[in-house]
Amino acid sequence: MPCFLQGYQKNNNVIEGINFILEKMISVNPYKSRGYAFLIGKVTQKSKGAGALKRWNMYLRWMVRKDNIDMGLWKGVHKKDLILPLDTHTFKMGHKFGLLKRRTYDLQAALDLTKKLKSFDEQDPIKYDFALYRLGQES
């Protein structure tokens, strides 16, 4: 079973899955450098003030969702559990459209925006990611 799934399937929690794979990567390769830390990210037990885990959430979007943009190669992860891969464009558009009130760019903002998008589609809230991103790039 892939490492991510081992962590995710306990509570159907994406952050727990990401943390599990990060812990496994660190245990296999305990190398420390700023570049390595930037590449893999940090294990987090909090959402406020924590990095938004954009690269991991983007990767999960590609691997779980299946459409014209996303490959959908992974089974066993529900689209409804994904977290928006928050970046400056989606953060900006979240505010512009009144979808996001949080002013801090962190994991909590990604969770808040994802929760708001679930009010539009509870089963696939991340399908709005690309539209928000592109609109944010253009404005």
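Rules behind the numbers
Residues numbered from 1 in each chain as written. Predicted model: local features only at pLDDT ≥ 70, side-chain atom pairs only at ≥ 80, totals over all residues. Heavy atoms only, no water. Helix = DSSP H or I, 4+ residues; strand = E, 2+ residues; numbered from the N terminus. Rg over C-alpha atoms; globule rule 2.2 N^0.38 Å. Buried < 20%, exposed > 50% of the residue type's maximum accessible area, 1.4 Å probe, protein only. Contact = heavy atoms within 4.5 Å. Areas by Shrake-Rupley, 256 points an atom, 1.4 Å probe, with all protein chains shown as cover. Lys, Arg positive; Asp, Glu negative; His and termini not counted. Charge placed at Lys NZ, Arg CZ, Asp CG, Glu CD. Patch = residues over 30% accessible without salt bridge, like charges linked within 9 Å, V, L, I, M, F, W, Y side chains within 5 Å. Salt bridge = Lys/Arg side-chain N within 4 Å of Asp/Glu carboxyl O.

### Examining the overall build of the protein chain
Item 1. Counting its secondary structure elements, the protein chain contains 7 helices and 0 strands.
Item 2. Written out in order from the N terminus, the α and β elements of the protein chain read α-α-α-α-α-α-α.
Item 3. Relative to a compact globule of 139 residues, whose C-alpha radius of gyration would be 14 Å, the protein chain shows 15 Å and is just as compact.
Item 4. Per-residue burial over the protein chain gives 42% buried out of 139 residues.
Item 5. In the protein chain, of all internal contacts separated by at least 6 residues, the share reaching a separation of at least 24 is 52%.
Item 6. Counting only carbon and sulfur atoms, one obtains 56% of the accessible surface of the protein chain, whose full area is about 8300 Å².
Item 7. For the protein chain, the distance from the average position of its 25 positive side-chain charges to the average position of its 13 negative side-chain charges is 5 Å.

### Observations regarding a nonpolar patch on the surface
Item 1. Residues Tyr 59, Trp 62, Ile 69, Met 71, Leu 73 and Phe 130 make up a contiguous nonpolar surface patch of about 570 Å² in total accessible area.
Item 2. Summarising the element assignment, Phe 130 is placed in helix H7 (residues 129-138).

### Let's talk about the environment of Met 71
Item 1. Mapped onto the secondary structure, Met 71 falls in the loop between helix H4 (54-64) and helix H5 (88-96).
Item 2. Considering only alpha carbons, one finds Met 71 and Arg 61, 10 residues apart in sequence, at a separation of 8.6 Å.
Item 3. Those residues in contact with Met 71, other than ones at most four positions away along the chain, are Trp 62, Met 63, Arg 65 and Lys 66.

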